[in-house]
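Summary of structural features
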Amino acid sequence: MLNVSAADGAAVSLDRLHKRFGEVRAADGVDLLIAPGEVVALLGPNGAGKTTTMEMLLGLTTPDSGTVRLFGRTPRRATADGLVGAMLQSGGFLDEMTGREIVRVMAAQYPRPLKADEALRRAGMAEHARLRYGGLSGGQKQRVRFAAALVCDPDLLVLDEPTVAMDVRGRHDFWSAMREYTAAGRTVVFATHYLAEAQDFADRVVLMRRGRIIADGSVAEIVSKVDGRTITAEIGDADPGPLRTLPGVSSVEQRAGQVVLHCLDSDTALRSLVDAFPLAHAITVTAMTLEDAFVALTADPAEGA
């Protein structure tokens, strides 16, 4: 159960949320406090409950039990007051409307919106605002959706896979725009499959599996939950089989002429590697990444049984 005094000042307060769809527990006791100004990445494998949690946060799905408060208000009240903007995968706009028309329609629903052209500029769509939605590329459609989420000038922005369908340049420009938005102390909650985006942009990572939060902290704190380092080396034509028996090595992969050793004790493993494979070269030792932690922490225990 969440601390009541902390919840009163939170941008987002989720208290013991439960939601089932038949036999599937999409949310199984989700507790989460997000302070104003935090940028939080919600991560997890498919079916972890991320989208359902975001939909309950926004009031689009009613929890079976538990409470949601945004800035001390119900989701519906906070949205009507223009405090919340959302960019979701579901839903869409009429193909016949232009980007400017779509954003103007959205602006008309809020008490103190931005001008449509300003929202389009922030989303990087000012030059294409007169084009019809149906004729836009996937990345351009995402930018229109972003502008529609920004036009209420929200204090909380909720994004579900915001850069899907964008190319590398589009993703770079999107996060540049997001940095401009968050520089004023706004709160962002986003879900993404691009773990590099979470590593580079989020202040905090919330990791879900099977409807539960299994890890919550900074990127460094999440990564620290997984012991070990990775050793990458080239061993030429040598048989890689003995690598699996080296002291300190937990698993071995082969990638494009290199071997990758996942180690619980990298110092011991490195000495053993050099002793056993004196011709080994191009050796690098790296710390665990967010992706390594994600894979390790979200692995289904049943699969390893």
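The present account deals with the structure reproduced in this document. (Residues numbered from 1 in each chain as written. Predicted model: local features only at pLDDT ≥ 70, side-chain atom pairs only at ≥ 80, totals over all residues. Heavy atoms only, no water.)

**Topic: the packing of aromatic side chains**
Scanning all chains against the criterion turns up 6 aromatic pairs. Residues Phe-146 and Phe-174 carry aromatic rings whose centres are separated by 4.7 Å and whose planes lie at 50° to one another, so their mutual orientation is tilted. One end of the pair, Phe-146, is in helix α6 (residues 138-150); the other, Phe-174, is in helix α7 (residues 168-182), and 28 residues separate them in sequence. Summarising the aromatic geometry, the rings of Phe-174 and Trp-175 are spaced 5.1 Å apart at their centres and angled 85° between planes, so their arrangement reads as edge-to-face. Joined through ring pairs, the aromatic side chains of Phe-146, Phe-174, Trp-175, Phe-190 and Phe-201 make up one cluster. (Phe/Tyr/Trp six-rings, centres within 6.5 Å; stacked < 30°, edge-to-face > 60°. Helix = DSSP H or I, 4+ residues; strand = E, 2+ residues; numbered from the N terminus.)

**Let's talk about empty space enclosed by the protein**
Counted under the stated rule, the structure contains 1 cavity of 30 Å³ or more. Of the pockets and cavities examined, the largest cavity occupies roughly 30 Å³. Among the secondary structure elements, those contributing two or more residues to the lining of the largest cavity are β2 (24-34) and α2 (50-57). (1 Å grid on protein atoms, 1.4 Å probe; cavity = no way out; pocket = protein on both sides within 12 Å on 5 of 7 lines; lining within 4 Å. Points joined across faces, edges and corners; volume = space filled by probe spheres on them.)

**Notes on the pattern of salt bridges**
Throughout the structure, instances matching the rule amount to 18 salt bridges. One salt bridge connects Asp-173 with Arg-169, and the closest N-O pair in it is separated by 3.2 Å. Here Asp-173 pairs with Arg-169, and both are found in helix α7, just 4 residues apart, close to one helical turn. Its relative accessible area of 27% is what places Asp-173 among the partly exposed residues. Where Arg-204 meets Asp-216, a salt bridge forms, and the shortest distance between an N and an O atom there is 2.8 Å. Pair noted here: Arg-204 is in strand β8 (residues 204-209) and Asp-216 is in strand β9 (residues 212-217), with a separation of 12 residues, a long-range link. On the accessibility criterion, Asp-216 (36% relative accessible area) is partly exposed. Several salt bridges converge on common partners, so that one network encompasses Glu-118, Arg-121, Arg-122 and Glu-180. (Salt bridge = Lys/Arg side-chain N within 4 Å of Asp/Glu carboxyl O. Buried < 20%, exposed > 50% of the residue type's maximum accessible area, 1.4 Å probe, protein only.)

**With respect to the sheet that holds strand β6 (residues 156-160)**
Pairing is mixed across the open sheet formed by 6 strands, whose spatial order is β5-β6-β7-β3-β8-β9. In the strand order of this sheet, the two ends are held by β5 (84-87) and β9, each with one partner. Neighbour to neighbour, the strand axes of the sheet diverge by 15° on average, direction disregarded. Across 5 bridges, the pairing between β8 and β9 is antiparallel. Within β9, the position partnered with Leu-207 by the bridge is Ala-215. Contacting β5 and β6, α6 crosses the sheet at an angle of about 170° to β5. (Pairing = 2+ DSSP bridges. Axes fitted to C-alpha atoms, helices over the stretch in contact; angles between N-to-C directions. Contact = heavy atoms within 4.5 Å.)

**Focus: a nonpolar patch on the surface**
A contiguous nonpolar surface patch, about 200 Å² in accessible area, is contributed by Val-274, Ile-283 and Val-285. Its place among the elements puts Val-274 in helix α10 (residues 266-276). (Patch = residues over 30% accessible without salt bridge, like charges linked within 9 Å, V, L, I, M, F, W, Y side chains within 5 Å. Areas by Shrake-Rupley, 256 points an atom, 1.4 Å probe, with all protein chains shown as cover.)

**Some points on the layout of surface pockets**
Within this model, the largest pocket holds a volume of roughly 480 Å³. The wall of the largest pocket is formed by 20 residues, among which Ala-86, Met-87, Leu-88, Met-106 and Tyr-110 lie closest to the centre. Elements that contribute at least two residues to the lining of the largest pocket include exactly α3 (75-80), β5 and α6. For the lining of the largest pocket, the element with the highest residue contribution is β5, accounting for 4 residues. Residue composition of the lining of the largest pocket, grouped by class: 13 nonpolar, 6 polar and 1 charged. (Nonpolar A, V, L, I, M, F, W, Y, C, P; charged D, E, K, R; others polar.)

**What to know about the nonpolar core**
The biggest cluster of nonpolar side chains holds 51 residues, and the ones touching the most others in it are Leu-43, Phe-146, Leu-157, Met-178 and Phe-190. Ranked by residues supplied to this core, first place goes to α6 with 6 residues. Discounting chain neighbours no more than four positions away, the residues touching Met-178 are Phe-146, Leu-157, Leu-159, Val-188 and Phe-201. Listed in part, the 26 residues of the second largest apolar core include Val-30, Leu-57, Val-68 and Val-206. (Core = buried A, V, L, I, M, F, W, Y, C linked by side-chain atoms within 4.5 Å.)

**Some points on the sheet that holds β2**
Two orientations exist for strands paired in a sheet by backbone hydrogen bonds: parallel and antiparallel. With antiparallel pairing, 3 strands are arranged side by side in an open sheet as β2-β1-β4. Each end of this open sheet is capped by a strand with a single partner; those strands are β2 and β4 (65-70). Between one strand axis and the next, the sheet turns through 20° on average, direction left out of account. Bridge count between strand β1 (residues 12-21) and β4: 5 bridges; the pairing is antiparallel. Note on β4: the bridge partner recorded for Ser-13 is Arg-69.

**Regarding the packing of helix α4 (residues 99-107) against α6**
At a closest axis distance of 9 Å, the pairing of α4 and α6 adopts a crossing angle of 25°. For the element pair α4 / α6, the angle class is roughly parallel. The crossing of α4 and α6 is right-handed. Contacts between α4 and α6 pair Gly-99, Ile-102, Val-103 and Met-106 from the former with Val-144, Ala-147 and Ala-148 from the latter. Of the residues in the contact of α4 with α6, the class split is 6 nonpolar, 1 polar and no charged. (Parallel < 35°, antiparallel > 145°, perpendicular 65-115°, else oblique. Left-handed = near helix turned anticlockwise from the far one by under 90°.)

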